[in-house]
Amino acid sequence: SGFQGGGGTSTATTHSNYSDHFMDYERSENDGYFKALFQLVHVSSIAGCIRTSLAISKYVLSLDPLRDPMHVLPILDHFALASMSTIQDQFVVDLVSSQRISVNYLEAISEVHHKCDLLDLPNWSYSYALALYRLELEEKEDQQHENEITSKSDNPAFEALKKAIEKYPEVVEKLLDKNEINLIGRSFQTDWPSVLPHLRHRSQQKRMNSAPSVSSMELSKAAAKACQLLVQIFVERNHKLWSGDHVVKWLYKACADLSNDEKKETPEDNNDAIPYQPSLALARYSTIDPEKYQDRIQRLPDEANPLDPALLGQAMNIDPNRRRLLRHQRNQHQQGDGQDLWGQGGLGFGQGQQQVMFGGQPLQNLDPDSPLVELFWRSLMPWNHVDGVPPPER
């Protein structure tokens with residue numbers, strides 16, 4: 001079937017060479033196709049099919065890479081790194097280095113175009129550094145070279161990680177908390193209490209200097225909100241990738257190196273330094289829902305308590321001595337009229353007519369106070385009858 005593309009009608013197929021196919025998401029006939037693909041990404045992720053989610057995410061992004069209508073970029077890096085493949089690590093590095101993919105946002109009223117690179121996204125800045133680190137480890141064969149990579153400060157992975165921490169220092173502590181890393185204890189290899197105050201100070205400076213000179217304060221707030229959502233998604237999905245001992249040590253060395261650099265700076269340098277501010281183009285992701293990027297299906301809201309006593313109180317309050325209403329009502333009719341409820345002249349369902357039961361009288365009466373599921377299945381048998389319920393008219 002044909003889908004409407006940006007320059008006319010084109011047939012979109014899930015082909016290996018799909019980079020030449022583009023599709024306009026804003027056309028109504030294409031909307032369902034995009035949503036179905038993104039839902040397939042989500043379902044495949046829940047099922048543990050990470051490479052399937054990665055392939056579909058690449059395809060969805062290639063259909064409209066300029067606008068990223070389904071917001072694939074916040075999760076694409078996770079699928080690539082979670083595949084645990086050198087090829088996908090190289091894909092992350094090549095995609096960032098090529099600068100072919102960027103984040104674009106067009107203001108609705110002023111029509112001002114904002115643009116930023118992938119490394120301006122918090123998830124891509126950290127994932128790019130981790131991908132470089134993995135590729136460097138892959139090139140080394142013994143543990144000695146691994147220690148050299150971890151400690152050497154002039155390699156691309158280490159510098160990329162330092163830049164990521166400078167942009168988004170709040171991510172480090174969130175990753176450590178999610179991985180349950182001890183942030184109080186000290187050791188010869190890691191001393192987090194000495195570097196975390198530096199990161200918190202950077203985060204505070206970043207919040208206090210949140211773009212005070214921009215003309216559109218609403219857009220600045222939207223970009224700040226988008227950063228928070230992107231960080232939340234990144235930490236939730238990628239924290240396990242940062243839980244390895246060698247990765248934690250590498251992360252600590254980068255934080256310690258930044259802390260030492262700040263101590264060497266003069267007070268004049270600290271006053272002139274302007275904290276990094278997120279690009280206004282990130283406002284494109286200010287409305288994303290983090291639940292759509294989780295690896296599980298949210299059945300109940302977080303604030304709901306299925307064991308709430310107020311909800312279970314009535315169900316758990318069982319009085320075994322209470323009267324059975326239907327049986328009690330039938331006995332009243334039998335005693336008052338001298339006839340059975342189903343008999344002629346009786347009050348109730350008989351309505352003065354003799355009820356003819358198909359196949360004769362039921363052989364067994366079921367107690368209406370029995371468990372509901374048991375009562376339902378047993379009532380399907382033609383020889384059973386629920387006490388107090390009239391037979392169907394035939």
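Keep in mind the model is a prediction, meaning the values are calculated, not measured.

**Q** With reference to specific residues and values, describe the overall build of the chain.
**A** The helix and strand inventory of the chain stands at 15 helices and 6 strands. Nonlocal contacts in the chain, meaning residues at least 24 apart in sequence, comprise 65% of its contacts between residues at least 6 apart. Accessible surface computed for the chain: about 23,500 Å², of which carbon and sulfur atoms make up 51%.

**Q** Lay out the packing of aromatic side chains with the relevant residues and their values.
**A** Per the counting criterion, the structure on display carries 8 aromatic pairs. On the numbers, 5.8 Å between centres and 40° between planes, the contact of Y126 with F234 is tilted. Taken together, the positions of Y126 in helix α5 (residues 122–139) and F234 in helix α10 (residues 217–238) put the pair 108 residues apart, joining distant regions of the chain. Accessibility assignment for this pair places Y126 and F234 in one class, buried. With a centroid separation of 5.2 Å and 70° between ring planes, the pair formed by F376 and W377 is classed as edge-to-face.

**Q** How would you explain the packing of helix α8 (residues 170–178) against α10 if you had to name every residue and give the values?
**A** Across the interface, α8 lies against α10 with an axial gap of 10 Å and an inter-helix angle of 35°. Seen along the crossing, α8 lies across α10 with a hand that is right-handed. Contacts between α8 and α10 involve E170, V171, K174, L175 and K178 from the former and V231, F234, V235 and E236 from the latter. When its residues are assigned to classes, the contact of α8 with α10 shows 5 nonpolar, no polar and 4 charged.

**Q** Hey, could you go over the pairing of strand β3 (residues 102–106) for me, with residue numbers and the actual values?
**A** Note: β3 against strand β4 (residues 113–117), 5 bridges, orientation antiparallel. Its bridge partner being in β4, Y105 is matched across the sheet by H114. Counted along the chain from β3 to the antiparallel partner β4, the turn is 6 residues long, and its residue E111 has a positive phi close to 55°.

**Q** How would you explain the nonpolar core if you had to name every residue and give the values?
**A** Counting residues in hydrophobic clusters, the biggest one holds 80 residues, and the most contacted among them are L73, Y126, I165, W192, W242 and W250. In terms of residue count, α5 provides more of this core than any other element does, 10 residues in total. Among all residues touching W242, those that are not within four sequence positions of it are Y126, L130, L161, L175, N179, F234, V247, V248, W250 and L251. Counting 5 residues, the second largest nonpolar core, distinct from the first, contains L219, A222, A223 and L280.

**Q** So what's going on with the packing of helix α3 (residues 73–82) against α10? Residues and values would help.
**A** Packed helices, taken two at a time, are described by their axes: the angle between them and the distance between them. Two elements in contact, α3 and α10, have axes separated by 10 Å at closest approach and are oriented at 20°. Looking at the two axes, α3 sits roughly parallel to α10. In terms of crossing hand, the pair formed by α3 and α10 is right-handed. Side by side, α3 and α10 meet where P74, I75, D77, H78 and F79 of the first sit next to L230, I233, F234, R237 and N238 of the second. In terms of residue class, the contact of α3 with α10 is made up of 6 nonpolar, 2 polar and 2 charged.

**Q** If you had to explain unusual backbone geometry to someone new, which residues and values would you point to?
**A** Backbone geometry places M84, a non-glycine residue, at a positive phi of 55°. When you line up the elements, M84 lands in the loop between α3 and α4 (86–98). One non-glycine residue, E180, lies in positive phi territory at about 55°. Relative to the assigned elements, E180 resides in the loop between α8 and α9 (192–208).

**Q** Residues and numbers for the pattern of salt bridges, please.
**A** Applying the stated criterion to the full structure yields 11 salt bridges. Linking E173 and R200 is a salt bridge whose minimum nitrogen-to-oxygen distance equals 2.8 Å. Of this pair, E173 sits in helix α8 while R200 sits in helix α9, and the two are 27 residues apart along the sequence. Classification of R200 as partly exposed rests on a relative accessible area of 43%. A salt bridge links R186 to D191; the shortest N-O distance between them is 2.8 Å.

**Q** How would you sum up the side chain of Q88? Please name residues and give values.
**A** Turning to its location among the elements, Q88 is positioned in helix α4. Discounting chain neighbours no more than four positions away, the residues touching Q88 are L54, K58, A80 and S83.

**Q** Would you mind going over the confidence of the model for the chain in detail, with residue names and values included?
**A** If pLDDT is low for a region, its predicted coordinates should not be looked at in detail. Mean pLDDT for the chain: 78, with 68% of residues reaching 70 or above. Within the chain, no element has a lower average pLDDT than strand β2 (residues 8–10), which sits at 34, and none a higher one than α3, at 96. Low pLDDT, under 50, characterises residues 1–18; the stretch is placed with 37 contacts to residues that sit more than four places away or in other chains. Confidence drops under pLDDT 50 across residues 337–359; counting only partners more than four residues distant or on other chains, this segment forms 42 contacts.

Conventions we followed
Residues numbered from 1 in each chain as written. Predicted model: local features only at pLDDT ≥ 70, side-chain atom pairs only at ≥ 80, totals over all residues. Heavy atoms only, no water. Helix = DSSP H or I, 4+ residues; strand = E, 2+ residues; numbered from the N terminus. Contact = heavy atoms within 4.5 Å. Areas by Shrake-Rupley, 256 points an atom, 1.4 Å probe, with all protein chains shown as cover. Phe/Tyr/Trp six-rings, centres within 6.5 Å; stacked < 30°, edge-to-face > 60°. Buried < 20%, exposed > 50% of the residue type's maximum accessible area, 1.4 Å probe, protein only. Axes fitted to C-alpha atoms, helices over the stretch in contact; angles between N-to-C directions. Left-handed = near helix turned anticlockwise from the far one by under 90°. Nonpolar A, V, L, I, M, F, W, Y, C, P; charged D, E, K, R; others polar. Pairing = 2+ DSSP bridges. Core = buried A, V, L, I, M, F, W, Y, C linked by side-chain atoms within 4.5 Å. Parallel < 35°, antiparallel > 145°, perpendicular 65-115°, else oblique. Salt bridge = Lys/Arg side-chain N within 4 Å of Asp/Glu carboxyl O. pLDDT = per-residue confidence, 0-100.

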